[in-house]
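What follows is each chain in one-letter form.
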Amino acid sequence: MSLETLVQQHPITSESGSALSTTFDADSFDAVVMSTYGRFPLALERGAGCRVWDTQGRDYLDFVAGIATCTLGHAHPAMIEAVTRQMQKLHHVSNLYYIPEQGELAKWIVEHSCGDRVFFCNSGAEANEAAIKLARKYAHTVLQIERPIILTTHSSFHGRTLATITATGQPKYQKNFDPLVPGFHYVPYNDIAAVEAAISELDEGDYRVAAILIEPLQGEGGVRPGDVDYFQKLRQICDETGILLIFDEVQVGMGRSGKLWGYEYLGIEPDIFTSAKGLGGGVPIGAMISKKFCDVFQPGEHASTFGGNPLACGVALAVCQTLEQENILHNVQQRGEQLRTGLRVLASKYPNHIVDVRGWGLINGMELKADIELTAGDVVTAAINEGLLLVPAGSKVIRFVPPLIVSEKEVDTALQIVDRVIASLTTV
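By convention here, each chain's residues receive numbers from 1 onward along its written sequence. At least 70 in pLDDT is required for a residue's local features to be given in this predicted model, at least 80 for side-chain atom pairs to be given and counted, and no such filter applies to totals for whole chains, interfaces and linings, which use all residues. To get the side-chain values, take all heavy atoms of the structure and skip hydrogens and water.

A. Main features of the packing of aromatic side chains. Classification of ring pairs rests on two measures: the distance between centres of Phe, Tyr or Trp rings, Trp counted by its six-membered ring, which must be within 6.5 Å, and the angle between planes, read as stacked under 30 degrees, edge-to-face over 60 and tilted in between. Counting across every chain of the model gives ten aromatic pairs. Between Tyr265 and Trp360, the ring centres sit 4.3 Å apart and the planes meet at 5 degrees, which makes this aromatic pair stacked. Note that Tyr265 is positioned in the loop between β10 (244-248) and β11 (272-275) and Trp360 in strand β13 (residues 354-360), a separation of 95 residues in sequence. Under the scheme applied here, a residue whose accessible area is under 20% of the maximum for its type counts as buried, over 50% as exposed, and between as partly exposed, the area being computed with a 1.4 Å probe on protein chains only. On the basis of relative accessible area, Tyr265 is assigned to the partly exposed category, the value being 28%. The exposure class of Trp360 is buried, given its relative accessible area of 9%. Numbering goes from the N terminus for both helices and strands, where a helix is a DSSP run of H or I of at least four residues and a strand is a run of E of at least two.

Shown next as structure tokens:
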């Protein structure tokens with residue numbers, strides 16, 4: 001079940017139980033904005049730290065953070081200062097010219113990762129598109145593969161463009177958008193035998209597998225961390241065959257895992273990885289980072305009008321520097337452990353309803369039992385009515401992705417609300 005469907009099936013009510021009335025006119029909004037999202041009937045207008053306020057003035061503890069995007073929360077002083085300074089200086093020029101802020105951000109990323117070169121764009125989907133294109137050119141020009149195939153996994157999510165929904169191993173995102181882009185093959189996540197079998201089958205008679213595109217932790221697929229042994233064997237396979245290993249770090253990267261990059265949990269380095277979401281702390285920016293040996297793009301082969309513009313790069317650099325200067329990764333580790341411990345207490349308290357708690361740092365999932373009626377949408381809706389914003393990751397997993405600056409008290413508050421919500425839903 002998609003997030004849009006969940007939203008449509010779970011109307012939000014006020015504390016009194018009546019439907020929310022608001023000065024915001026949803027009908028006027030819907031009359032002019034395409035209905036590509038199933039929205040909760042909630043209009044948010046401002047935020048500060050880990051809290052947001054709706055148009056009625058009610059505040060909410062935000063454990064969605066723009067879906068793992070608002071790294072420093074809302075209205076962070078470092079971001080306000082960076083936006084103001086850059087807008088007063090220069091906010092956009094073409095990549096026909098050198099952009100100093102772009103170079104400074106790329107240098108920070110290279111110095112703090114396994115990458116050597118950076119391409120900037122505007123989103124995670126665009127970053128993954130760039131990685132797909134780079135892998136295909138590498139396949140043609142270096143590996144001499146005529147019809148390259150990229151392996152991806154079931155339950156993955158890589159974006160909404162035509163190529164990235166094809167790469168996404170979830171048919172619900174692909175429905176009615178065929179013909180899909182050729183050159184992708186799906187295997188189960190965390191199953192090395194399936195990878196080996198797919199390569200053997202696809203390469204029979206002619207080399208075809210050029211790259212493996214995979215998330216270190218599946219976000220939309222239910223907050224499922226990668227197994228260390230599995231990923232280390234992937235790295236070994238790629239080393240032995242010349243296949244490129246590409247990590248989609250759009251959701252898990254930029255400190256959300258408690259380490260700067262998700263690959264650090266797995267003890268290996270990818271050849272290419274992508275970033276977006278938390279990179280700009282909510283200001284749109286994406287990046288595709290590669291090792292030097294597979295940086296085969298030449299001028300004119302890939303580009304983006306807005307990619308790497310001074311405003312986005314100036315703010316993203318402020319986010320990166322703040323992460324480092326304020327030791328925010330330590331907070332992510334501490335608060336993540338606190339959150340998982342609390343959720344496991346709830347799992348013990350409600351063993352007939354909660355089957356698993358998992359995650360890294362501040363990307364965590366609480367999975368409900370498959371054979372009960374209670375859904376993630378039920379929990380998310382009830383939590384909103386209690387002043388807590390959460391987001392589903394499928395029909396049975398509730399995702400917890402607060403800003404990385406979340407406090408101990410705020411985590412405790414969220415746990416208390418979830419406890420009340422589950423208690424109320426399981427006694428009905």
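What follows continues from the structure just given.
B. Structural context of the pairing of strand β1 (residues 44-48). Two strands are said to pair when DSSP picks up at least two bridges between them. Sheet analysis places β1 next to strand β2 (residues 51-54), joined by four bridges and oriented antiparallel. For Ala48, the partnering residue across the bridge sits in β2 and is Arg51. Counting the residues between successive antiparallel strands, the hairpin from β1 to β2 contains two residues, one of them, Gly49, with a positive phi of roughly 60 degrees.

C. The arrangement of empty space enclosed by the protein in detail. The definitions used throughout rest on a 1 Å grid laid over the protein atoms alone, on which a cavity is an enclosed set of points accommodating a 1.4 Å probe that cannot get out and a pocket is an open set flanked by protein within 12 Å on both sides along at least five of seven lines; lining residues are those having an atom within 4 Å of a point. Grid points are joined across faces, edges and corners, and a volume is the space filled by probe spheres set on the points. A complete count under the given rule lists one cavity of 30 Å³ or more for this structure. Looking at the largest cavity, its volume works out to about 30 Å³. Every residue lining the largest cavity is listed: Ala68, Thr71, Gly253, Met254, Arg256, Gly278 and Leu404. Each residue receives one of three labels: charged for Asp, Glu, Lys and Arg, nonpolar for Ala, Val, Leu, Ile, Met, Phe, Trp, Tyr, Cys and Pro, and polar for the others, Gly being one of them. For the lining of the largest cavity, a count of residues per class yields three nonpolar, three polar and one charged.

D. Highlighting the sheet that holds strand β6 (residues 184-187). Pairing in this open sheet of seven strands is mixed, and the strands run β4-β12-β11-β10-β7-β5-β6 from one edge to the other. Edge positions in the open sheet fall to β4 (117-121) and β6, since each of these has one partner strand only. Neighbour-to-neighbour, the strand axes of the sheet open up by a mean angle of 20 degrees, direction not taken into account. Note that β4 and strand β12 (residues 286-290) share five bridges and pair antiparallel. Looking at β12, one finds that Phe119 is bridged to Met288. Note on definitions: a residue-residue contact is assigned when non-hydrogen atoms from the two residues lie within 4.5 Å. All axes are obtained by fitting lines to C-alpha atoms, using only the stretch in contact for helices, and the reported angles, taken between N-to-C directions, cover 0 to 180 degrees. Along the sheet face, helix α5 (residues 100-111) touches β4 and β12 and points at about 125 degrees away from the line of β4.

Take it as geometry only, folks, not as evidence of what the structure does.
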